[in-house]
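Listed below, chain by chain, are the residues.
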Amino acid sequence: MTLACGLLCTQQPAADKPAPILTADQAALQRANQRIKTLEGEVKALKKPASNVVKRKQKAPKLAQTYEVTAYTNGAESTGKSAGHPAYGVTASGARTKTGHTIACPPSMAFGTRVNIEGIGVRTCEDRGGAITEGHIDLYVAGVAEARSFGRQRLKAEIITK
């Protein structure tokens, strides 16, 4: 009987426990947690300074160039528009002309470019004109007499911001 009991009473290795069955919510939560871990890894990688990034060389500051500077007004003598015209006093950029601020520039200068003009000061490129070609800047002034007395001048000007 001892033999029979020894054979019958020996413990058999237990079978592996079956994986628990997850509800749909639990499975979704598990997937979401895995996605969070993946995103955290990506964020860490982005925060690390890249050692293989090529740094761009900064451009040397542009030296002052000589421009032919003239003056213009809002009137018909400069723009072809009279005071009743809907675009009277409106620049090509859509801004209104302002004394001591607005200049018309060649197409190579983007609107908003600030230019320091010798003896004049800093002005902002807000306008274009058919006669405004490379090397030419047209300075906005309020009156025709002022524009005429300004005439044509060759002045140094330096682009200070783009």
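As a convention, each chain's residues are numbered from 1 in the sequence order in which they are written. With pLDDT at 70 or above as the cut-off, local features in this predicted model cover only qualifying residues; side-chain atom pairs require 80 or more to be listed or tallied, and sums for whole chains, interfaces and linings still use all residues. The side-chain figures draw on all heavy atoms in the structure; neither hydrogens nor water molecules are used.

> Quick rundown of the packing of aromatic side chains? Include the residues and the values.
When the centres of two rings from Phe, Tyr and Trp lie within 6.5 Å, Trp using its six-membered ring, the rings pair. Their planes under 30 degrees apart give stacked, over 60 give edge-to-face, and anything left gives tilted. Taken as a whole, this structure holds 1 aromatic pair when the rule is applied. Where Tyr72 meets Tyr140, the ring centres are 5.6 Å apart and the plane angle is 70°; that geometry is what we call edge-to-face. Here Tyr72, found in strand S1 (residues 65–72), pairs with Tyr140, found in strand S5 (residues 136–140); they are 68 residues apart in sequence, far enough to count as distant. For the pair Tyr72 and Tyr140, one class covers both residues: buried. For a ring to carry a charge above it, either NZ of a lysine or CZ of an arginine must fall within 6 Å of the ring centroid while also lying within 35 degrees of the normal to the ring plane. Of note, Arg128 hangs over the ring of Phe111, and the distance from its end group to the ring centre comes to 4.3 Å. Helix and strand labels come from DSSP, where a helix needs a run of H or I of at least four residues and a strand needs a run of E of at least two; each type is numbered from the N terminus. Per-residue accessibility, obtained with a 1.4 Å probe over protein chains only, is compared with the maximum for each type, and a residue is labelled buried under 20%, exposed over 50%, and partly exposed between these values.

> So what's going on with the sheet that holds strand S3 (residues 114–117)? Residues and values would help.
The strand order around the closed barrel built from 6 strands is S1-S5-S2-S4-S3-S6, with neighbouring strands paired in mixed fashion. Across this sheet, the average inter-strand angle for adjacent strands is 50°, counted without regard to direction. For two strands to count as paired, DSSP must find a minimum of two bridges between them. Across 2 bridges, the pairing between strand S2 (residues 102–104) and S5 is antiparallel. Note that in S5 the partner of Ile103 across the bridge is Leu139. Helix axes are fitted only over the stretch in contact, all axes being lines through C-alpha atoms; the angle between N-to-C directions runs from 0 to 180 degrees.

> Give a description of the nonpolar core that names residues and reports values.
In this text, buried Ala, Val, Leu, Ile, Met, Phe, Trp, Tyr and Cys residues form a nonpolar core when linked through side-chain atoms within 4.5 Å. With 17 residues, the main nonpolar core has Tyr67, Val69, Ile103, Met109, Val115, Ile117 and Ile137 as its most contacted residues. The set of elements that each furnish at least two residues to this core consists of S1, S3, S5, helix H4 (144–150) and strand S6 (153–161). Ignoring sequence-local partners within four residues, the contact set of Val69 consists of Ile117, Ile137, Leu139, Phe150, Gly151, Arg152, Gln153 and Leu155. Contacts were defined at the residue level, with two residues in contact if any of their heavy atoms lie within 4.5 Å.

> Give me the pairing of S5: which residues, what numbers.
Counting buried residues along S5, 5 of its 5 residues qualify, which places the element largely inside the surrounding structure. Alternating positions in S5 separate into two faces, His136, Asp138 and Tyr140 on one and Ile137 and Leu139 on the other, with burial throughout.

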